[in-house]
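Chain by chain, the residues run as shown.
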Amino acid sequence: MLPAYIPNPVAALCGGGTPIDLGRNFSDGRRVFGDGKTWRGLVAGILAGIVIGLLQIQAQAMFNLTYLPAQTLLSVSLLAIGALLGDLVKSFFKRRLGKERGSKWPLADMYDLVIGAFVLLLIADPSWLFSQVTLAAFIVILILTPILHRLTNIIGYIIKVKEVPW
Ligand code: CTP
Ligand code: MG
């Protein structure tokens, strides 16, 4: 899951500049995504996720870690892209519900990256998904994700990269 977990914190570290929605509003008069979703964050986050994934592929080959899912360039790319697409889609619906940028939306904020990554894998590389990710691994992901999410956001808040600790 590293290629899916890395993009969010990297987006928070590197984000800024032109928003993905270019400042435009949706038909309801609210922003499409908001100022918290920027091109720089999206591109840097996806690239970082893919780089981590490529390092993982190297490490798995070097140390013969056969008990781990056999990552490919496609699988790590889909995990990274899916994670931030999930985050983007979540922000779209967050704005439609009238929630401001940075406001809390507990379950959605935690699982957006998991849903995005797995939906993209399901669409673009289902054979990898079903052959490499076991049900046990998926359950561990569901338990671990909110814990890691909370921890990284508290760290992000302490080092002043994030404005709120969630
Ligand atoms: N970020 C970015 N581009 C992205 C995703 C995140 O620049 N595609 C940066 C923004 O600076 C953002 C920070 O990472 O403020 C934290 O991300 P997140 O918590 O997802 O955004 P929020 O500001 O909370 O916005 P939202 O309410 O839309 O989730
Ligand atoms: Mg947020």
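Structure's up top.
Quick caveat: nothing in here was measured; it's all calculated off a predicted structure.

Side note on a nonpolar patch on the surface
Working step 1: A cluster of nonpolar residues, Leu-135, Ile-139, Val-140, Leu-142, Ile-143, Leu-144, Ile-147, Leu-148 and Leu-151, forms a patch on the protein surface that exposes about 790 Å² of accessible area.
Working step 2: Here Ile-139 is to be found in helix H7 (residues 135–158).

Some remarks on the packing of aromatic side chains
Working step 1: Scanning the entire structure with this criterion turns up 4 aromatic pairs.
Working step 2: It is Arg-96 that lies over the ring of Phe-92; its NZ or CZ is 4.8 Å from the centre.

Let's talk about the side chain of Ser-75
Working step 1: Counting through the fold element by element, Ser-75 comes out in helix H4 (residues 73–96).
Working step 2: Among the polar contacts made by the side chain of Ser-75, one reaches the side chain of Gln-71 at a distance of 2.7 Å.
Working step 3: Ignoring sequence-local partners within four residues, the contact set of Ser-75 consists of Leu-121, Asp-125 and Trp-128.

Comments concerning H7
Each α-helix turn comprises 3.6 residues. Residues three or four places apart therefore point the same way.
Working step 1: The end-to-end C-alpha distance of H7 is 35 Å, a good match for the 34 Å that 24 residues give at a rise of 1.5 Å each.
Working step 2: Largest kink in H7: about 30 degrees, centred on Leu-144, with the proline Pro-146 one to four residues after it.
Working step 3: Ile-141, Thr-145, Pro-146, His-149, Asn-153 and Gly-156 are the residues of H7 that are buried.
Working step 4: Close packing links the buried residues of H7 with helix H1 (2–5) and helix H5 (106–124).
Working step 5: Positioned one or two residues after H7, Lys-160 has a phi angle of 65 degrees, which is positive.

Quick notes on helix H2 (residues 7–14)
Working step 1: The set of residues buried in H2 consists of Pro-7, Val-10 and Ala-11. The buried side chains of H2 occupy one side of the element, clustering within an arc of 105 degrees when seen end-on.
Working step 2: Residues of H2 that are buried in the fold lie against H1, helix H3 (39–63) and H4.
Working step 3: Just downstream of H2 lies Gly-16, where phi reads positive at about 135 degrees.

Describing the site of ligand 1
Working step 1: The local shell around ligand 1 holds 18 residues, among which Lys-37, Thr-38, Ser-91, Arg-101 and Lys-162 are the closest.
Working step 2: Within the side chain of Lys-90, a nitrogen or oxygen atom sits 3.3 Å from an oxygen atom of ligand 1.
Working step 3: Take Lys-162: an N or O atom from its side chain is 2.7 Å from an oxygen atom of ligand 1.
Working step 4: Looking at the shell around ligand 1, the elements with two or more residues in it are H2, H3 and H4.
Working step 5: For the shell around ligand 1, the leading source of residues is H4, giving 5 residues.
Working step 6: The residue inventory of the shell around ligand 1, partitioned by class, reads 3 nonpolar, 7 polar and 8 charged.

Digging into the nonpolar core
Working step 1: Ranked by internal contacts, the top residues of the largest apolar core, which has 18 residues, are Met-1, Ala-4, Leu-113, Val-114 and Phe-118.
Working step 2: Contributions of two or more residues to this core are made by H1, H4, H5 and helix H6 (126–132).
Working step 3: At 8 residues, H5 tops the list of elements feeding residues into this core.
Working step 4: Non-local contacts of Phe-118, meaning those with residues more than four positions away in its chain, are made with Met-1, Leu-129, Val-133, Phe-138 and Ile-141.
Working step 5: In this structure, Ile-20, Val-32, Leu-42 and Leu-88 belong to the second largest nonpolar core, which totals 10 residues.

Thresholds, definitions, all that
- Sequence order sets the numbering: in each chain, residues are counted from 1 along the sequence as written.
- Chain labels run from A onward and ligand labels from 1 onward, assigned in the order the entries are written.
- Local features are withheld for residues below a pLDDT of 70 in this predicted model, meaning they are given only at 70 or higher, and side-chain atom pairs are given and counted only at 80 or more; totals for whole chains, interfaces and linings count all residues.
- Hydrogens are left out, water is left out, and the side-chain values use all remaining heavy atoms of the structure.
- Patches in this entry comprise residues that are over 30% relatively accessible and not in a salt bridge; like charges within 9 Å are linked, as are nonpolar side chains (Val, Leu, Ile, Met, Phe, Trp, Tyr) within 5 Å.
- Accessibility throughout is a Shrake-Rupley quantity obtained with a 1.4 Å probe, and a residue counts as covered only by protein chains that appear here.
- Whenever a carboxyl oxygen of Asp or Glu lies within 4 Å of a side-chain nitrogen of Lys or Arg, that contact is scored as a salt bridge.
- Working definition: helices are DSSP H or I runs of at least four residues, strands are E runs of at least two. Numbering for both runs from the N terminus.
- Note on aromatic contacts: the rings of Phe and Tyr and the six-membered ring of Trp form a pair at centre separations within 6.5 Å, being stacked when their planes are under 30 degrees apart, edge-to-face when over 60 apart, and tilted otherwise.
- Criterion for a charge above a ring: Arg CZ or Lys NZ at most 6 Å from the ring centre, at most 35 degrees from the ring normal.
- For the purposes of these results, a polar contact is taken to be a pair of N or O atoms within 3.5 Å, where, inside protein, one atom must be able to donate a hydrogen and its partner to accept one; residues adjacent in sequence count only when each atom of the pair is a side-chain atom.
- Between two residues, a contact is recorded if the distance between any of their heavy atoms is within 4.5 Å.
- The span expected for a helix works out to 1.5 Å for each residue beyond the first.
- Bend is computed residue by residue as the angle between axes fitted to the seven residues ending at the residue and the seven residues starting at it.
- Burial classes: relative accessible area under 20% of the type maximum marks a residue as buried, over 50% as exposed, and values in between as partly exposed (1.4 Å probe, protein chains only).
- Along the arc lie the directions from the helix axis toward the C-beta atoms.
- Nearness is judged by heavy atoms alone; a residue qualifies as near a molecule or strand once a single heavy atom is within 4 Å of it.
- Basically, the charged four are Asp, Glu, Lys and Arg, the nonpolar ten are Ala, Val, Leu, Ile, Met, Phe, Trp, Tyr, Cys and Pro, and anything else, Gly included, counts as polar.
- For this analysis, a nonpolar core means a set of buried residues of the types Ala, Val, Leu, Ile, Met, Phe, Trp, Tyr and Cys, connected via side-chain atoms within 4.5 Å.

These figures capture arrangement, not role.
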